[in-house]
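Examining the three-dimensional arrangement
Here are the chains, one letter per residue:
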Amino acid sequence: MTRKLQTIGFDADDTLWHNERFFKLTQERFEELLSDYTDKSLLHDRLIQAETRNIGHYGFGVKGFVLSMIETAIDVTDGSVPGHVIRNILDAGQEMLAHPIELLPHVQTTVEVLAESHRLVLITKGDLLHQERKLAQSGLGEFFEDVAIVSEKTVNTYQDVFGRHAGGAEAAMMVGNSMKSDVVPAVAAGSWGVFVPHDLEWDLEKADPPQNDRYHAIADLSDLPPLVAEIG
């Protein structure tokens with residue numbers, strides 16, 4: 001008998017390993033660097049606006065974040081930002097790119113257990129080189145039969161990626177910490193969508209949960225194997 005759920009997709013950043021906290025720490029450092037030029041709360045808003053504008057140009061990830069910080073620094077200082085501030089921003093970005101991977105709780109066990117019974121795929125946004133490096137450093141690469149590093153996660157993304165595997169989107173589940181990117185479009189594609197909250201949430205990834213019986217929320221990844229078994 002063919003099981004209802006055959007493929008399980010995982011998001012990477014802040015689902016399998018820590019990521020957002022490094023962005024938050026760097027943003028705090030950025031705000032300190034420019035504290036003499038503008039109010040921190042205003043600077044926060046200006047950076048969010050720059051990131052929103054620039055996603056279409058730079059995509060997601062550290063490099064786009066660094067460019068948005070530099071753009072914001074130039075704008076709030078009317079072009080007079082000192083060179084050493086730009087140097088500090090670049091150094092902070094390089095530190096983010098070089099930071100060692102730290103898996104979130106229950107990730108290793110959950111991935112190992114589910115890989116024994118289901119096809120696992122990784123679907124993540126971000127810079128290709130950086131995401132490949134993080135996956136290699138995580139030690140989880142051997143458990144994923146397919147890896148998709150994409151510029152955006154849409155209904156078509158999930159239909160295409162899950163469509164490469166038996167059962168397609170209707171026999172697949174997407175697991176992640178972003179309601180906007182991991183859950184809503186996956187459910188709209190006909191898959192199950194499982195929300196795993198993270199302590200830190202990026203402003204641009206917030207959304208209302210779907211009103212659909214294929215939507216589930218769990219406290220952490222230790223709750224995923226029982227949910228998978230329940231679905232069958």
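Now for a quick tour of the structure. (Residues numbered from 1 in each chain as written. Predicted model: local features only at pLDDT ≥ 70, side-chain atom pairs only at ≥ 80, totals over all residues. Heavy atoms only, no water.)

1. Regarding the overall build of the chain
Each helix and strand counted, the chain has nine helices and six strands in total. Put simply, the chain has 232 residues, and 49% of those count as buried. Here the analysis covers contacts within the chain between residues at least 6 apart in sequence; of these, 70% occur between residues at least 24 apart. Counting only carbon and sulfur atoms, one obtains 50% of the accessible surface of the chain, whose full area is about 11000 Å². Within the chain, one finds 19 positive and 37 negative side-chain charges whose respective centroids are separated by 3 Å. (Helix = DSSP H or I, 4+ residues; strand = E, 2+ residues; numbered from the N terminus. Buried < 20%, exposed > 50% of the residue type's maximum accessible area, 1.4 Å probe, protein only. Contact = heavy atoms within 4.5 Å. Areas by Shrake-Rupley, 256 points an atom, 1.4 Å probe, with all protein chains shown as cover. Lys, Arg positive; Asp, Glu negative; His and termini not counted. Charge placed at Lys NZ, Arg CZ, Asp CG, Glu CD.)

2. Overview of helix α9 (residues 224–231)
For an α-helix, 3.6 residues make a turn, and residues three or four places apart therefore share a direction. Within the sequence span of α9, burial applies to Leu224, Leu227, Val228 and Ile231. Here the buried residues of α9 occupy an arc of 100° about the axis, which is enough to place them on one side. Exposed positions of α9 whose direction lies more than 90 degrees from the buried face are Ala229 and Glu230. Packed against the buried residues of α9 are β1 (7–10), α5 (107–115), β4 (172–176), β5 (192–195) and β6 (215–217). Just downstream of α9 lies Gly232, where phi reads positive at about 90°. (Arc of directions from axis to C-beta.)

3. Concerning the environment of Thr52
By the secondary structure assignment, Thr52 is in helix α2 (residues 40–58). Taking the C-alpha atoms as reference, Thr52 lies 30 Å from Arg214; in sequence the two are 162 residues apart.

4. Here we look at the packing of helix α1 (residues 20–33) against helix α3 (residues 62–76)
Look at α1 against α3: their axes get within 12 Å of each other, and the N-to-C directions meet at 15°. Classed by the angle they form, the pair α1 and α3 counts as roughly parallel. As for the relative orientation of α1 and α3, their crossing is right-handed in sense. When α1 is examined against α3, the residues Phe23, Thr26, Gln27 and Phe30 are found in contact with a partner set consisting of Val62, Phe65, Met69, Thr72 and Ala73. In the contact of α1 with α3, the residues fall into six nonpolar, three polar and no charged. (Axes fitted to C-alpha atoms, helices over the stretch in contact; angles between N-to-C directions. Parallel < 35°, antiparallel > 145°, perpendicular 65-115°, else oblique. Left-handed = near helix turned anticlockwise from the far one by under 90°. Nonpolar A, V, L, I, M, F, W, Y, C, P; charged D, E, K, R; others polar.)

5. A look at the pattern of salt bridges
Counted according to the given criterion, the structure contains 12 salt bridges. A salt bridge links Glu145 to Arg119, with the nearest nitrogen and oxygen atoms 4.0 Å apart. Placement of Glu145 in the loop between α6 (128–138) and β3 (146–150) and of Arg119 in strand β2 (residues 119–125) is noted, with a sequence separation of 26 residues between them. (Salt bridge = Lys/Arg side-chain N within 4 Å of Asp/Glu carboxyl O.)

6. Let's talk about the packing of aromatic side chains
For any pair of aromatic rings, geometry is given as the distance between the ring centres together with the angle between the planes. Evaluated as defined, the whole model comprises three aromatic pairs. Note on Phe23 and Phe65: the rings are 4.9 Å apart at their centroids and 55° apart in plane angle, and the pair reads as tilted. Here Phe23, found in helix α1, pairs with Phe65, found in helix α3; they are 42 residues apart in sequence, far enough to count as distant. The residues Phe23 and Phe65 share a single accessibility class, namely buried. With a centroid separation of 5.9 Å and 25° between ring planes, the pair formed by Tyr158 and Phe162 is classed as stacked. Of this pair, Tyr158 and Phe162 both sit in helix α7 (residues 155–163), four residues apart, roughly one helical turn. A single burial state applies to Tyr158 and to Phe162, both of which are buried. Above the plane of the ring of Trp192 lies Arg214, whose end atom (NZ or CZ) is 3.6 Å from the centre. (Phe/Tyr/Trp six-rings, centres within 6.5 Å; stacked < 30°, edge-to-face > 60°. Lys NZ or Arg CZ within 6 Å of the ring centre and 35° of its normal.)

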